Amino acid sequence: MKQSSENWGSRVGLILAMAGNAVGLGNFLRFPVQAVQNGGGTFIIPYLVCFLVMGIPLLWIEWSIGRLGGRFGHHATPFMMARLSKAKYWKYIGVFGIFTNIAVAAYYCYIESWTLAYVFHSIGQTFAPLSQTEVALFFDRYVDYAATTTGIPYEAVVFYILCLLLNTWILSKGLSGGIEKVAKIGMPLLLIFGAFLAIKGLTLGTSAAPAGCADCNGYLGLNFLWEPQFSSLLDPQVWMAAAGQIFFTLSVGMGTIHCYAAFLRSNDDVALNALSAGWVNGFVEIVLGASILIPISVGYLGLDWVVENASFAMGFKTMPFLFAQWGPLMGTLAGVAWFGLLFFAGITSSLAMGTPWISFLQDEFQWKRVNAAWSFGLILLIVGLPTVFFYQQGVFAEYDYWAGTLSLVLFALAETILFVWVFGMHKAWKEINHGAEIRIPNLYKPILKFVTPTLLLVIFVSSLIMPVNNDWRAAWQGDWVFDNESVIGKLKNQQFVANREYFSSVFESETEGQV
Ligand code: PHE
Ligand code: NA
């Protein structure tokens, strides 16, 4: 094994890169939509609780495992995990921390490539003359290969490849020469763009309301997101959604944090750095993320419309039309700010997903960084093209379930058990506090040992048996139907198809009340 001499160039660079890793499309597209779909203010309390008892502990665990691994020259999770226990199988569990990244990066880069395309279309004024329906149609055509005469969504493919090339090129420049530079440029720009749009969102009020629209008021949108409602505390649906969002937004359960932390020096602080990166992400999410998409669209389209239509695609299907209402100059600026912000948020995250694979090849097989980076780009192309061609056939959702949901939680559960129970709480606590620039309250000892793993176990089991439409509310009330996406749903379906003819009576009695 080769002892890597690479380190982060500066503390500012480290924090920006780690914050860039966490701050992503999740903060600006996923969070507002999740919040709206889960009752707005009702979402906030479970979200904060999950952040405190699951998010922060996982950040500390991952930063610590990473720094510890780096001490031994490991920058990817398989050998890091092998260092914490004598049992051989941990190494193989650690493999998740490489491959999940590749699967998630494949579809994540696809969305990232949309943002790039939309920056160009904003500059080129594509959306200015279009009606709201036409802007939405533009997106549908963009992702649908059937809609093009050649049968290839060529624009989507071109931008996807462009996006992969960009990622590969930056990754081939390494840590301080590539990732850190992009974070140092991208993160401040993202904050400036975000602040500009948030001010627009916060001051829109009723100024954009079309005649006769009573609930077209930006403040209503803000209020909806912020007014806490304690009734949600008993709703399992909201809790699951909040936990899922915390996972995704903090980038935990993937191996990216371990990898970045492995490039720390062995006496560098993790306790405070991990917290800072977590809080930056939280700020960008609940302050900036909540002040743009929802308030602006509520200002024009009304709260009812937004609650009914909130979706990930809204950022592409609706926003360009609304920006165009601000006139040519402001509209263009806003379009570039919004899609530029999404692009920087995206690329600083997808770069993080590339590093575990690249470091693994460098550490264990002595690959050159450039070759390792290109291999990553090539694999993404192969793994990712199905999501480009079959976006509307649900390939995307399939990747998101297996890689973006199930495997994250499984990995996080495994690493928590390994670090806190196998490696041992005493050593774990010492490791987290080694070099610490803050004093972590002792209360976090029992949280790390019991609360975090229990919560993770509950979430893991729940994602295995996920009910249809992820509707936990109905499931809780006894109206239980498994989602076809879930593992159980898949098994049931296959079993159903295979056995329908012969064992239908057996099958029916077995699954009574479920199907
Ligand atoms: N945290 C990123 C976001 O909010 C997504 C991500 C997940 C990035 C896992 C890296 C690893 O969009
Ligand atoms: Na995030």
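Heads up: the structure comes first, above all this text.
Treat the numbers as computed from the prediction; the structure is a model and nothing was measured.

### Details of the overall build of the protein
For the protein, the count of helices and strands is 24 helices and 0 strands. Looking at the protein as a whole, 57% of its 515 residues are labelled buried. Considering only intrachain contacts with a sequence separation of at least 6, the fraction spanning at least 24 residues in the protein is 81%. For the protein, the accessible surface area stands at approximately 20900 Å², while carbon and sulfur atoms represent 66% of it.

### Focus on the coordination of the sodium ion (ligand 2)
Within the first shell, the sodium ion (ligand 2) binds the protein through A22 (O), N27 (OD1), T249 (O), T249 (OG1) and N281 (OD1), at distances of 2.2 to 2.6 Å. Considering all 6 donor atoms around the sodium ion (ligand 2), the spread of angles at the metal, 79 to 170°, places the coordination shape in the octahedral class. Summarised as a motif, the one-chain spacing of the donors to the sodium ion (ligand 2) is A-x4-N-x221-T-x31-N. With A22 in helix 1 (residues 11–22) and T249 in helix 11 (residues 236–250), the pair connects residues that are 227 residues apart, well separated along the chain.

### Observations concerning the pattern of salt bridges
On inspection of all chains with the given rule, the structure shows 6 salt bridges. In this structure, R67 engages E431 in a salt bridge whose closest nitrogen and oxygen atoms are separated by 3.6 Å. Note that R67 is positioned in helix 3 (residues 41–71) and E431 in helix 21 (residues 425–433), a separation of 364 residues in sequence. Note on R67: relative accessible area 0%, which makes it buried. Residue classification places E431 among the buried residues on the basis of a relative accessible area of 9%. R71 serves as the salt-bridge partner of E431, at 2.9 Å between the closest nitrogen and oxygen. Highlighted residues: E431 in helix 21 and R71 in helix 3, separated in sequence by 360 residues. R71 sits in the partly exposed class, given a relative accessible area of 33%.

### Considerations on the site of ligand 1
In the vicinity of ligand 1 lie 14 residues, with A22, G26, Y108, F248 and S251 positioned nearest. Residue L25 places a main-chain N or O atom 3.1 Å away from an oxygen atom belonging to ligand 1. S251 has a polar side-chain atom sitting 2.9 Å from a nitrogen atom of ligand 1. When isolated, ligand 1 has an accessible area of 320 Å², and the protein chains bury 99% of it. Contributions of two or more residues to the shell around ligand 1 are made by helix 1, helix 2 (25–37), helix 11 and helix 18 (328–365). In terms of residue count, helix 2 provides more of the shell around ligand 1 than any other element does, 3 residues in total. Here the residues of the shell around ligand 1 are counted per class, giving 6 nonpolar, 8 polar and no charged.

### Examining the packing of helix 2 against helix 11
Think of two packed helices as two axes; the pair is described by the angle between the axes and how far apart they sit. Relative to each other, helix 2 and helix 11 sit at 180°, their axes nearing to 11 Å. Taken together, the axes of helix 2 and helix 11 lie roughly antiparallel to each other. Every residue of helix 11 that contacts helix 2 at G26, N27, R30, F31 and Q34 is listed here: A241, G244, Q245, F248 and T249.

### A few points about helix 21
In an α-helix, one turn spans 3.6 residues; hence positions three or four apart end up facing the same way. When we look at burial in helix 21, the residues that qualify are M425, A428, W429, E431 and I432. Projected down its long axis, helix 21 carries its buried residues within an arc of 160°, all on one side. For helix 21, the exposed residues lying more than 90 degrees away from the buried face are H426 and K430.

### A short note on the side chain of Q34
Position of Q34 among the secondary structure elements: in helix 2. Take Q34: its relative accessible area is 16%, and that puts it in the buried class. In this structure Q34 touches F43, A241 and Q245, once residues within four positions along its chain are discounted.

### As for the state of the cysteines
Across all of its chains, the model carries 1 disulfide by this definition. Through a disulfide, C213 is tied to C216; the S-S separation comes to 1.9 Å. On the S-S bond that ties C213 to C216, the torsion sits near 85°, and the link is right-handed. Left without a disulfide partner, C109 is nearest to the cysteine sulfur of C163, which lies 5.0 Å away. For C163, a relative accessible area of 0% gives the class buried.

### Concerning the packing of aromatic side chains
What describes a pair of aromatic rings is the distance from one ring centre to the other and the angle between the planes of the rings. Under the definition given, this model contains 27 aromatic pairs. For the ring pair Y89 and W90, a centre distance of 5.6 Å and an interplane angle of 40° mean the geometry is tilted. Pairing F360 with F365 gives two aromatic rings, centres 5.9 Å apart and planes at 75°, and the pair type is edge-to-face. Accessibility expressed as a relative area gives 16% for F360, which makes it buried. Under the relative-accessibility criterion, F365 is labelled partly exposed at 49%. Pairwise contacts between aromatic rings join Y110, W114, Y118, F127, F138, F139, Y142, Y160, F316 and F339 into one cluster. In this arrangement the basic side chain of R30 is found over the ring face of F248, its NZ or CZ atom lying 5.1 Å from the centre. The ring of W421 has K449 sitting right over it, with the charged end atom 5.0 Å from the ring centre.

### Focus: the side chain of T355
As for its placement among the helices and strands, T355 is situated in helix 18. Only 2.7 Å separates the side chain of T355 from the backbone oxygen of A352, close enough to count as a polar contact. Setting aside anything within four residues of it in sequence, one finds T355 in contact with L171, I179, C259 and Y260.

Rules behind the numbers
Numbering of residues begins from 1 in every chain and follows the order in which that chain's sequence is written. All chains are assigned letters beginning with A, and all ligands numbers beginning with 1, in the order in which they are written. In keeping with the model being predicted, local features are shown solely for residues with a pLDDT of at least 70 and side-chain atom pairs are shown and tallied solely at 80 or more, while totals for entire chains, interfaces and linings include all residues. Only heavy atoms go into the side-chain values, all of them from the structure, while hydrogens and water stay out. Secondary structure counts use DSSP, requiring at least four H or I residues in a row for a helix and at least two E residues in a row for a strand, with both numbered from the N terminus. A simple rule labels every residue: compare its accessible area, found with a 1.4 Å probe on the protein chains alone, to the largest value its type can have, and call it buried under 20%, exposed over 50%, or partly exposed in between. Note on definitions: a residue-residue contact is assigned when non-hydrogen atoms from the two residues lie within 4.5 Å. Computed with a 1.4 Å probe, the accessible areas rest on the Shrake-Rupley method; for each residue, only the protein chains presented here act as cover. The donor definition counts N, O and S atoms within 2.8 Å of each metal and applies 3.2 Å to Na, K and Ca; water is not among these atoms, so some sites may look incomplete. Labels for metal geometry use angle windows, namely 85 to 135 degrees for all angles of a four-donor tetrahedral site, and for square planar (four donors) or octahedral (six donors) sites opposite donors over 155 degrees apart plus all others within 65 to 115; sites meeting none of these are irregular. By salt bridge we mean one thing: a side-chain nitrogen of Lys or Arg within 4 Å of a carboxyl oxygen of Asp or Glu. Whether a residue is near a molecule or strand depends on its heavy atoms: it is near if one of them lies within 4 Å of it. Each polar contact in these results corresponds to two N or O atoms within 3.5 Å; when the atoms are within protein, one needs to be able to donate a hydrogen and the other to accept it, and residues that are neighboring in sequence are counted only if both atoms are side-chain atoms. Think of it as three bins: nonpolar holds Ala, Val, Leu, Ile, Met, Phe, Trp, Tyr, Cys and Pro, charged holds Asp, Glu, Lys and Arg, and polar takes everything else, Gly as well. For helices, the fitted line uses only the C-alpha atoms of the stretch in contact; every axis is such a line through C-alpha atoms, and the angle between N-to-C directions lies from 0 to 180 degrees. Here the word oblique covers every angle except those under 35 degrees (roughly parallel), over 145 (roughly antiparallel) and from 65 to 115 (roughly perpendicular). The arc in question is the one spanned by the directions pointing from the helix axis to the C-beta atoms. Pairs of cysteine sulfur atoms within 2.5 Å are what we label disulfides. Between rings of Phe, Tyr and Trp, where Trp is taken as its six-membered ring, a pair exists when centres lie within 6.5 Å; planes separated by under 30 degrees are stacked, by over 60 edge-to-face, and by other angles tilted. Any Lys NZ or Arg CZ that is within 6 Å of a ring centre and within 35 degrees of that ring's normal is treated as a charge sitting over the ring.

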